[in-house]
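Spelled out, the chains give:
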Amino acid sequence: MSKLSSAVAGAATILGGMTFLTTPQHKTSSSVRTGEGSLRGGSAAQAPVAPEEGHVAAFGLGAAGLVTAVTLAARRPAQSRQQSVVSVCAYDASNEIGACDPLLFWDPIGFCEGGSKEDFDRRRAVELKHGRLCMFASIGMLWPDVFGKFDGYLSPSQGLRFEDVPSGIYAVTKVPLEGWLQILLLAGLIETKLFGDKSFGGPGFAKYGAEPGNFGTGYWGRRIQDPAERRLKLTTELNNGRLAMVAMAGLLIQNGLTGQSPIDQWQSGHISPFNDGQGYFAQFDPSQELGACPPLGYWDPFGMMAFQDEAKFRRNRELELKHGRICMAATIGIIVPDLFGRFDGYLSPANGLKFSDVPSTIDAIYKVPVEGW
């Protein structure tokens, strides 16, 4: 019963109590005396009830009914809430595909704790997608250096050839903006139209409940009927994807530290990224370069070449030579004017400034007009 129904019931109870009220009438003195005589005479006749007493009794009955109705109305929502509470157990994912030797069901972070079947299916679909992408990416890290790159131009308008794109993480810096837009457009079509995962659900995708990672294409176009064989194939794919994710992480880290693709590393013997003059941790030895001579030998008190490669040394050496040449010419300019004299004539005829007016010190910068600078 709703609160409105309970209120109506309470009102009806009050009205029902009021119907038992008699219209108050003024009794005559004779009738009162008759009642008194009957009482004195021991008659069994009952004395009439006073009007005020009838009002109080009826009102008390109605109030009691109203209180009862309100109490019932307050209790019913609580009872309905108690009845609507349903205990839901977390989904047991230990029997799903992928729980195999040697780790069996391995969930160290606790992704599957307290989750439902829909939550597990979504995470399994994401795991499969990342595994498939990393299997393709692992091939892409090796294929160009083993079998070669495409001929021609990747971007004719920018003069970018396929062979100009390195095989590794640094390829992202070579692809032009238009190429990234094409990649994102193709990825969106694959996700939503061509191979959209049916287990994600939601608007624009599909309904919940489908098998994660199943695009309905079968195994090389063949639908496996044997449950044991199908489970084996799915487990193999899942494990290969997991291995590819770990391998791809290692390949990218090594590529970023060494600056070389995996094939380049193996061909050059650059196995370790430390202390071999290559990559992020390369330590070029400048102590054998020009300038390391007695009495100081190789002198680098500020550590300018700590963890630097040869290219960094060449740049620092170029700056050192430029500054040295400028300072040699400046040193001559400090001494020559006072020894051999200055030019005759005016430095700035418009300002009446002669060469002899310019001092051979740092104060000379205040004499040169703006046009001279």
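> Which residues make up the overall build of the protein chain, and what are the values?
Looking only at helices and strands, the protein chain features eight helices and four strands. Per-residue burial over the protein chain gives 18% buried out of 373 residues. Taking contacts inside the protein chain between residues at least 6 apart in sequence as the whole, the part at least 24 apart equals 46%. Carbon and sulfur atoms make up 63% of the accessible area of the protein chain, which totals about 27700 Å².

> Break down the environment of A210 for me, with residues and values.
By the element assignment, A210 lies in the loop between α5 (177-194) and α6 (227-258). On the basis of relative accessible area, A210 is assigned to the partly exposed category, the value being 27%. In the structure, A210 is positioned 92 residues away from E118 in sequence and 9.5 Å away in space, judged by C-alpha atoms.

> Account for the pattern of salt bridges, naming residues and giving values.
The final tally for this structure, using the stated rule, is 12 salt bridges. E289 is paired through a salt bridge with R314; the nearest N and O atoms lie 3.1 Å apart. Taken together, the residues E289 in the loop between α7 (262-268) and α8 (310-340) and R314 in helix α8 connect sequence positions 25 residues apart. Taken together, the shared-partner salt bridges in this structure form one network comprising R124, E127 and R242.

> Which residues make up the nonpolar core, and what values do they have?
By size, the foremost hydrophobic cluster in this structure holds five residues: C134, M141, A244, M248 and L251. Those elements that provide at least two residues to this core are α4 (117-147) and α6. Sorting elements by how many residues they give to this core places α6 first, with three residues. Every residue in contact with M248, bar those within four places of it in the chain, is listed here: C134, A137, S138 and M141.

> Account for the side chain of E96, with residues named and values stated.
For E96, the location among the structural elements is in the loop between α3 (51-84) and α4. Buried within the structure, E96 lacks any salt-bridge partner; K117 is the closest side chain of opposite charge, at an N-O distance of 4.5 Å. If sequence neighbours within four positions are ignored, E96 has contacts with Y91, K117, F120 and R231.

> Please give an account of the side chain of Q265 that cites residues and values.
Residue position: Q265 is located in helix α7. Here Q254 takes part through its side chain, which lies 2.6 Å from a polar atom of the side chain of Q265.

> Tell me about the packing of α4 against α6, residues and numbers included.
Following both chains from N to C, one finds α4 and α6 inclined at 55°, their axes separated by 7 Å at the closest point. Here α6 runs oblique to α4, going by the angle between their axes. The hand of the α4/α6 crossing is left-handed. Residues R124, E127, L128, H130, G131, R132, C134, M135, A137, S138 and M141 of α4 lie in contact with α6, whose contacting residues are E237, L238, N240, G241, R242, A244, M245, M248, L251 and N255.

> Could you give me a rundown of the confidence of the model for the protein chain, with the residues and numbers involved?
On average, the protein chain scores 75 in pLDDT, and the residues at 70 or more come to 69%. The secondary-structure element of the protein chain with the lowest mean pLDDT is helix α2 (residues 29-40), recorded at 38, while α6 shows the highest, at 91. Segment residues 1-59 is flagged for pLDDT under 50; beyond a separation of four residues in sequence, or across chains, it makes 24 contacts in the model.

> Quick one: what's the story with a nonpolar patch on the surface, residue by residue and with numbers?
A cluster of nonpolar side chains, contributed by I139, L142, W143, V146, F147 and W266, occupies part of the molecular surface with about 670 Å² of accessible area. Broken down by element, the residue count for the nonpolar patch peaks at five residues, all from α4.

> Would you mind going over the packing of aromatic side chains in detail, with residue names and values included?
For the coordinates displayed, the defined rule picks out four aromatic pairs. Ring geometry for Y91 and F120: centres 5.8 Å apart, planes at 45°, overall tilted. Here the residue Y91 occupies a position in the loop between α3 and α4, and F120 occupies one in helix α4, the gap between them amounting to 29 residues. Relative accessible area serves as the criterion here: at 26%, Y91 is assigned to the partly exposed category. Arranged with centres 5.6 Å apart and planes meeting at 70°, the rings of F343 and F355 form a pair that is edge-to-face. With F343 in the loop between α8 and β3 (346-348) and F355 in the segment after β4 (353-354), the pair connects residues that are 12 residues apart, well separated along the chain. With a relative accessible area of 67%, F343 lands in the exposed category. With relative accessibility at 26%, the residue F355 sits in the partly exposed group.

Cut-offs used in this document
Residues numbered from 1 in each chain as written. Predicted model: local features only at pLDDT ≥ 70, side-chain atom pairs only at ≥ 80, totals over all residues. Heavy atoms only, no water. Helix = DSSP H or I, 4+ residues; strand = E, 2+ residues; numbered from the N terminus. Buried < 20%, exposed > 50% of the residue type's maximum accessible area, 1.4 Å probe, protein only. Contact = heavy atoms within 4.5 Å. Areas by Shrake-Rupley, 256 points an atom, 1.4 Å probe, with all protein chains shown as cover. Salt bridge = Lys/Arg side-chain N within 4 Å of Asp/Glu carboxyl O. Core = buried A, V, L, I, M, F, W, Y, C linked by side-chain atoms within 4.5 Å. Lys, Arg positive; Asp, Glu negative; His and termini not counted. Polar contact = N/O pair within 3.5 Å; in protein donor to acceptor, adjacent residues only side chain to side chain. Axes fitted to C-alpha atoms, helices over the stretch in contact; angles between N-to-C directions. Parallel < 35°, antiparallel > 145°, perpendicular 65-115°, else oblique. Left-handed = near helix turned anticlockwise from the far one by under 90°. pLDDT = per-residue confidence, 0-100. Patch = residues over 30% accessible without salt bridge, like charges linked within 9 Å, V, L, I, M, F, W, Y side chains within 5 Å. Phe/Tyr/Trp six-rings, centres within 6.5 Å; stacked < 30°, edge-to-face > 60°.

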